[in-house]
Amino acid sequence: MTHTIRPATTDDAEALAALAAVTFPLACPPSTSPEDIASHLANTLSERHFRTYLGAPDVTVLVIDVEGALRGYSLLLTRPAEDPEVCSVLTLTPAVELSKCYVHPGHHGLGPAAELMRASLQAAAGSGAAGVWLGVNSQNARAIRFYEKSGFRKVGTRSFRLGHIVEHDFVLERALP
């Protein structure tokens, strides 16, 4: 499989929304309703939202491009955390948030996710931040293992509203070189 990791462009917005519709549900606990997932996709991960992200100066979106098809993406926010639960546990500031990091299930375990993570950390380091943080659902064992393998450590928790349910995330962080 030949792939490239590159910055996303506004031309990628539709493909990013389609990819999010496949990957986001995989990060949700099994008890999450299809309606709550659909609501989150519409309110956060739609084509319109990706166009907004791609036009924002403090947002970086990287994609795994496999011969013109997007098979993964990360979204970095270079701005201070706003959530008081997160702010109270971060030890490395300033910090970049790794808001999203998803890979199509057909590419799990094949290496592109680790490459996307390396590229995301490199992009975060280029901002001059001391660290990078993320929130991951406390029931998403596969993602937690991946993040720990990538050098992240748990520093706290936060609540995350997903439709009608309040989910609980671990807050993980790691230092940047």
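The rules behind the values
- Residues numbered from 1 in each chain as written.
- Predicted model: local features only at pLDDT ≥ 70, side-chain atom pairs only at ≥ 80, totals over all residues.
- Heavy atoms only, no water.
- Helix = DSSP H or I, 4+ residues; strand = E, 2+ residues; numbered from the N terminus.
- Rg over C-alpha atoms; globule rule 2.2 N^0.38 Å.
- Contact = heavy atoms within 4.5 Å.
- Areas by Shrake-Rupley, 256 points an atom, 1.4 Å probe, with all protein chains shown as cover.
- Lys, Arg positive; Asp, Glu negative; His and termini not counted.
- Charge placed at Lys NZ, Arg CZ, Asp CG, Glu CD.
- Polar contact = N/O pair within 3.5 Å; in protein donor to acceptor, adjacent residues only side chain to side chain.
- Buried < 20%, exposed > 50% of the residue type's maximum accessible area, 1.4 Å probe, protein only.
- Arc of directions from axis to C-beta.
- Phe/Tyr/Trp six-rings, centres within 6.5 Å; stacked < 30°, edge-to-face > 60°.
- Core = buried A, V, L, I, M, F, W, Y, C linked by side-chain atoms within 4.5 Å.

Chemist: Explain the overall build of the protein here, please?
Modeler: Counting its secondary structure elements, the protein contains six helices and seven strands. Helices (α) and strands (β) of the protein occur, in sequence order from the N terminus, as β-α-α-α-β-β-α-β-α-β-α-β-β. In terms of C-alpha radius of gyration, the protein reaches 15 Å, essentially the compact-globule figure of 16 Å for 177 residues. In terms of principal-axis extent, the alpha carbons of the protein reach across some 40 × 40 × 30 Å. Taking contacts inside the protein between residues at least 6 apart in sequence as the whole, the part at least 24 apart equals 68%. If you sum the accessible surface of the protein, you get close to 8800 Å²; carbon and sulfur atoms cover 54% of it. For the protein, the distance from the average position of its 15 positive side-chain charges to the average position of its 18 negative side-chain charges is 5 Å.

Chemist: Sorry if this is basic, but what is going on with the side chain of Ser46 here?
Modeler: Position of Ser46 among the secondary structure elements: in the loop between helix H2 (34-44) and helix H3 (47-55). Polar side-chain contacts of Ser46 include one of 2.6 Å to the side chain of His49.

Chemist: Honestly, H3 in this entry has me stumped. Any pointers?
Modeler: Given 3.6 residues to a turn, an α-helix orients residues that are three or four positions apart in the same direction. Every buried residue of H3 is listed here: His49, Phe50, Tyr53 and Leu54. Along the axis of H3, the buried positions cluster into a sector of 135 degrees, meaning they face one direction only. Turned more than 90 degrees from where H3 packs its buried face, Arg48, Thr52 and Gly55 sit exposed.

Chemist: When you look at the packing of aromatic side chains in this model, what are you seeing that I'm missing?
Modeler: When we look at a pair of aromatic rings, we describe it by the centre distance and by the angle of the planes. In this structure the tally under the stated criterion is six aromatic pairs. Ring plane angle 80 degrees and centroid distance 6.4 Å describe the contact between Phe24 and Tyr102, whose orientation is recorded as edge-to-face. Separated by 78 residues along the polypeptide, Phe24 in the loop between helix H1 (13-23) and H2 and Tyr102 in strand S4 (residues 95-103) bring together distant segments of the chain. Accessibility expressed as a relative area gives 6% for Phe24, which makes it buried. Under the relative-accessibility criterion, Tyr102 is labelled buried at 15%. Pairwise contacts between aromatic rings join Phe24, Phe50, Tyr53, Tyr73 and Tyr102 into one cluster.

Chemist: Looking at this structure, I do not really get the environment of His40. What am I missing?
Modeler: Here His40 is to be found in helix H2. Judged by its relative accessible area of 13%, His40 is buried. Note: C-alpha distance between His40 and Ala21 (19 residues apart in sequence) is 9.8 Å. When sequence neighbours within four positions are dropped, the list of residues in contact with His40 reads Phe24, Leu45, Phe160 and Leu162.

Chemist: Is there a simple way to explain the nonpolar core in this structure?
Modeler: Grouped burial of nonpolar side chains is what soluble globular proteins tend to show. Leu16, Phe24, Phe50, Val61 and Tyr73 are the most contacted members of the largest nonpolar core, which totals 25 residues. Of all elements in the fold, only H1, H2, H3, strand S2 (59-66) and strand S3 (69-77) reach the threshold of two or more residues within this core. Here this core takes five residues from H1, the largest share from any one element. Beyond its immediate sequence surroundings of up to four residues, Phe24 is in contact with Ile37, His40, Leu41, Leu45, Tyr102 and Leu162. Membership of the second largest hydrophobic core comes to 23 residues, among which are Leu62, Leu98, Cys101 and Leu176.

Taken by themselves, the reported measurements are silent on function.
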